[in-house]
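# Structural characterization, general
Single-letter residue listing:
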Amino acid sequence: QTLGLPTSQLNFRDPAFANAYVRSLCEEIVPFIEKNFRVIAKPESRAIAGLSMGGGHTISAAALYPKMFDYICPLSAAGSMTPEQAAALKAAGVKLYWVGCGNTDFLWNGNLSLKKVCEDANMDNFVFYESEGGHVWSNWRLYLNTFTRLLFK
């Protein structure tokens, strides 16, 4: 056990465990933090961001738990969202859905698909930030410096 939380081994290829990490994050880790630390346990005080595969987890967490985070920032993300999930985020009143990707990133086309889904859903406060370059640390530093100024306003 880690910090009193039970652990177990999962076969990540088993469809029964699809989004197991995201479910653990949203159903176990966030509640644990909110129970044990002095934080504001409201969507308007929660942000989630990640890059590459973590950006995919960010997309999934927001899509599966649309009322949990008001600030969502997938960066060079490996993930997708359905029109229904985008509509649920819009209905939840997300304050910022900020996507950043380099125009030569190998995940560029997937990020353009995410952009289209968000724009087609007329998501409020959706930002698509295109930069030069690819799947590189210098872009992620740029994105972090850009989107963090928009959080919790």
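A brief look at the structure comes next. (Residues numbered from 1 in each chain as written. Predicted model: local features only at pLDDT ≥ 70, side-chain atom pairs only at ≥ 80, totals over all residues. Heavy atoms only, no water.)

Moving on, we come to the pairing of strand S4 (residues 126–131). Here is the key point about a regular strand: its side chains alternate between the two faces of the sheet. Summarising the sheet, strand S3 (residues 96–102) and S4 pair through six bridges and their orientation is parallel. In the sheet register, Tyr97 faces S4, and the bridge partner there is Phe126. For the segment spanning S3, helix H4 (residues 108–120) and S4, crossover handedness is right-handed. (Pairing = 2+ DSSP bridges. Helix = DSSP H or I, 4+ residues; strand = E, 2+ residues; numbered from the N terminus. Right-handed = clockwise from strand over helix to strand, strands pointing away.)

Taken as a whole, this structure holds eight aromatic pairs when the rule is applied. Plain terms: the ring middles of Trp98 and Phe147 are 5.6 Å apart, the flat faces sit at 40° to each other, and that makes the pair tilted. Of this pair, Trp98 sits in strand S3 while Phe147 sits in helix H5 (residues 137–147), and the two are 49 residues apart along the sequence. One exposure class covers both Trp98 and Phe147, and it is buried. (Phe/Tyr/Trp six-rings, centres within 6.5 Å; stacked < 30°, edge-to-face > 60°. Buried < 20%, exposed > 50% of the residue type's maximum accessible area, 1.4 Å probe, protein only.)

What follows concerns unusual backbone geometry. Phi is positive for Ser52, which is not a glycine, with a value near 60°. Summarising the element assignment, Ser52 is placed in the loop between strand S1 (47–51) and helix H2 (53–64). When its relative accessible area of 19% is taken as the criterion, Ser52 is described as buried.

With that out of the way, let us pick up helix H1 (residues 20–36). Taking 1.5 Å per residue, 17 residues should reach 24 Å; H1 reaches 23 Å between its end C-alpha atoms and fits that length. The sharpest bend along H1 reaches about 30° and sits at Cys26. Close packing links the buried residues of H1 with S1 and H2. (Expected span 1.5 Å × (residues − 1). Bend = angle between axes of the 7 residues up to and from the residue. Contact = heavy atoms within 4.5 Å.)

This paragraph deals with the packing of H1 against H2. Here H1 crosses H2 at 60°, and the two axes come no closer than 9 Å. Taken together, the axes of H1 and H2 are oblique relative to one another. The handedness of the crossing between H1 and H2 comes out as right-handed. Contacts between H1 and H2 involve Tyr21, Val22 and Cys26 on the former and, on the latter, His57, Ser60, Ala61 and Leu64. Classifying every residue of the contact of H1 with H2 gives five nonpolar, two polar and no charged. (Axes fitted to C-alpha atoms, helices over the stretch in contact; angles between N-to-C directions. Parallel < 35°, antiparallel > 145°, perpendicular 65-115°, else oblique. Left-handed = near helix turned anticlockwise from the far one by under 90°. Nonpolar A, V, L, I, M, F, W, Y, C, P; charged D, E, K, R; others polar.)

This part covers the pattern of salt bridges. One pass over the structure, following the stated rule, counts three salt bridges. Ionic pairing is found between Lys90 and Asp124, a salt bridge with its closest N-O pair at 3.3 Å. Of this pair, Lys90 sits in helix H3 (residues 83–92) while Asp124 sits in the loop between H4 and S4, and the two are 34 residues apart along the sequence. Owing to a relative accessible area of 32%, Lys90 belongs among the partly exposed residues under this scheme. Judged by its relative accessible area of 45%, Asp124 is partly exposed. (Salt bridge = Lys/Arg side-chain N within 4 Å of Asp/Glu carboxyl O.)

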